[in-house]
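Notes for the structure review
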Amino acid sequence: MNTATTAKGWQASLTLAFQHRAARTFLEHCAHQGPLQVQRPFYPEGDAVCHVALLHPPGGVVGGDELHIQAQLAPGAQALLTTPAAGKFYRSAGPVARQIQQLSVDAGATLEWLPQESIIYAGARLDTLTRIELHGDARCIAWEIVCLGRPAAGETFTSGQYRQGFELWREGEPLYLEHGRYAGGDAVLTAPWGLQSQPVTATLLATGVPADRVTELRTAVTGATAATEQCTVTRLDGVLLCRYLGPSANRARQLFTLAWSLLRPVVLNRPPCPSRFWMT
């Protein structure tokens, strides 16, 4: 594949297609251009669920880079998509970086979209969109975790711009639309009605969760939440929504992993099987 860079930066794309036959989900199609790849599929819980890690070999995104990821799950396919490490988006001298992820899930299929966190460096300029399209009775559990700045290095998001979109649709109708714009130094980063000077914000979505299970999940998650962070659980028009605001991406991932471990048997009728990449 062509991996040459241009004056605009890396132009990379990855297209995946999952099929289901004879009780097995397999990666039927995988095509990439530029520095986006996948490791070989893993089957830690048997043939039914295909685990795939999305790789970006350069290790970080700079201004002008554009990453496009598409995944299609055919009827009956079951896939868990994650990343082997946090995504890093570096300071830009001016050009905007873009990351677009479009995930389509056919009837009878299940998607788990569980990437590790995105770290947005001060001075980065980034537009991202994740759009999940469900068809028929398709189910999904999905999360996205964002850290503005690098709190471990004492860096706050004092400059730069981050635009985020996280969307869940079914048959062309919106189930959940989240759009945010964060500019370095803006009031939203520190205001009581905004991020309250917390660097990490995260969202988990799940379909097919009965209303009577929400209280159980809320009790478990809030019971594990520290005094320095906030984590809430609610249900909106049939979509379970879990939100985190706090000082640590690792803590967000721990709380979301707890929520996922409780949701997975309910939504997918499967016990939790954590990705091995989350242990590294």
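Nothing here was measured: the structure is a model prediction, and the numbers come from that model. Within each chain, residues carry numbers counting from 1 in the order of the written sequence. This being a predicted model, a pLDDT of at least 70 is required before a residue's local features are given, and a value of 80 or more before pairs of side-chain atoms are given or counted; all residues contribute to the totals for chains, interfaces and linings. Only heavy atoms go into the side-chain values, all of them from the structure, while hydrogens and water stay out.

Let's shift gears to the pattern of salt bridges. Just to be clear on terms, a salt bridge is a Lys or Arg side-chain nitrogen sitting within 4 Å of an Asp or Glu carboxyl oxygen. Under the definition given, this model contains 11 salt bridges. With its nearest N and O atoms 2.7 Å apart, the salt bridge here joins Asp47 to Arg24. With a gap of 23 residues between them, Asp47 in the loop between β3 (37-38) and β4 (50-55) and Arg24 in strand β2 (residues 24-33) connect regions that are remote in the sequence. Exposure categories follow from relative accessible area, calculated using a 1.4 Å probe and restricted to protein chains: below 20% of the type maximum is buried, above 50% is exposed, and the middle band is partly exposed. Given the relative accessible area of 40%, Asp47 is considered partly exposed. Owing to a relative accessible area of 30%, Arg24 belongs among the partly exposed residues under this scheme. The closest approach of N and O atoms between Arg251 and Glu229, which form a salt bridge, is 2.5 Å. Highlighted residues: Arg251 in helix α2 (residues 249-267) and Glu229 in the loop between α1 (214-223) and β16 (230-236), separated in sequence by 22 residues. The secondary structure listing takes helices from DSSP runs of H or I that are at least 4 residues long and strands from runs of E that are at least 2 residues long, numbered from the N terminus.

What follows concerns unusual backbone geometry. Backbone geometry places Ser197, a non-glycine residue, at a positive phi of 65 degrees. With respect to the helices and strands, the residue Ser197 is situated in the loop between β14 (173-183) and β15 (200-207). A positive phi angle, near 60 degrees, is found at Asn269, a position not held by glycine. In this structure, Asn269 sits in the segment after α2.

With that settled, consider the state of the cysteines. The disulfide criterion is simple: two cysteine sulfur atoms within 2.5 Å. On inspection of all chains with the given rule, the structure shows zero disulfides. Its sulfur unpaired, Cys273 is 12 Å from the next cysteine sulfur, which belongs to Cys50. The exposure class assigned to Cys273 is buried, which follows from its relative accessible area of 14%.

Tracing the sequence through the fold places Glu144 in strand β12 (residues 139-148). It is Arg243 that comes nearest to the buried, bridge-free Glu144 among opposite-charge side chains, at 10 Å. Two N or O atoms count as a polar contact when they lie within 3.5 Å, although within protein this holds only if one can serve as hydrogen donor and the other as acceptor, and sequence-adjacent residues are included solely when both atoms are side-chain atoms. Of the polar contacts made by the side chain of Glu144, one reaches the side chain of Trp113; its length is 3.3 Å. There is a polar contact of 2.4 Å between the side chain of Glu144 and the side chain of Thr130. Only heavy atoms enter the contact rule, under which two residues are in contact if any of them lie within 4.5 Å. Contact partners of Glu144, with chain neighbours within four places excluded, come to Gln101, Trp113, Thr130, Gln164, Phe166, Thr201, Ala202, Thr203 and Phe256. In this tally Asp and Glu are treated as negative and Lys and Arg as positive; neither His nor the chain ends contributes.

Because an α-helix completes one turn every 3.6 residues, residues spaced three or four positions apart along the sequence face the same direction. Consider a residue and the seven residues that end there alongside the seven that start there; fitting an axis to each set, the bend is the angle between those axes. The axis of α2 is deflected most strongly, by about 25 degrees, at Ser261, and proline Pro265 appears within four residues downstream. For α2, the N-terminal cap is Ser248; the gap from its side-chain oxygen to the backbone nitrogen of Asn250 is 3.3 Å. Asn269, located one to two residues past α2, shows a positive phi value of around 60 degrees.

What follows deals with the packing of aromatic side chains. Any Phe, Tyr or Trp ring, taking Trp's six-membered ring, that has another such ring centre within 6.5 Å forms a pair; planes under 30 degrees apart are called stacked, those over 60 apart edge-to-face, and the others tilted. Enumeration according to the criterion identifies six aromatic pairs in this entry. Judged by centre distance (6.1 Å) and plane angle (40 degrees), the rings of Trp143 and Phe256 are tilted. Taken as a pair, Trp143 in strand β12 and Phe256 in helix α2 lie far apart in primary sequence, 113 residues in all. In terms of burial, Trp143 and Phe256 fall into one category: buried. Considering the side-chain rings of Trp260 and Trp278, the 5.3 Å spacing of their centres and the 80 degrees angle between planes classify their relative orientation as edge-to-face. With Trp260 in helix α2 and Trp278 in the segment after α2, the pair connects residues that are 18 residues apart, well separated along the chain. Exposure remark for Trp260: the relative accessible area of 0% places this residue in the buried category. A ring is scored as having a charge over it whenever the NZ atom of a lysine or the CZ atom of an arginine sits within 6 Å of its centre and within 35 degrees of its normal. A cation over a ring is seen here: Arg24 above Tyr43, with NZ or CZ 4.1 Å from the ring centre. Above the face of the Trp169 ring, Arg131 is positioned so that its terminal group lies 4.0 Å from the ring centre.

Chain-level statistics for the chain give a pLDDT mean of 94 and a share of 97% at 70 or above. Per residue, pLDDT measures the predictor's confidence, with a range of 0 to 100. This model gives residues 1-7 a pLDDT under 50, and the stretch forms nine contacts once residues within four places in sequence are excluded.

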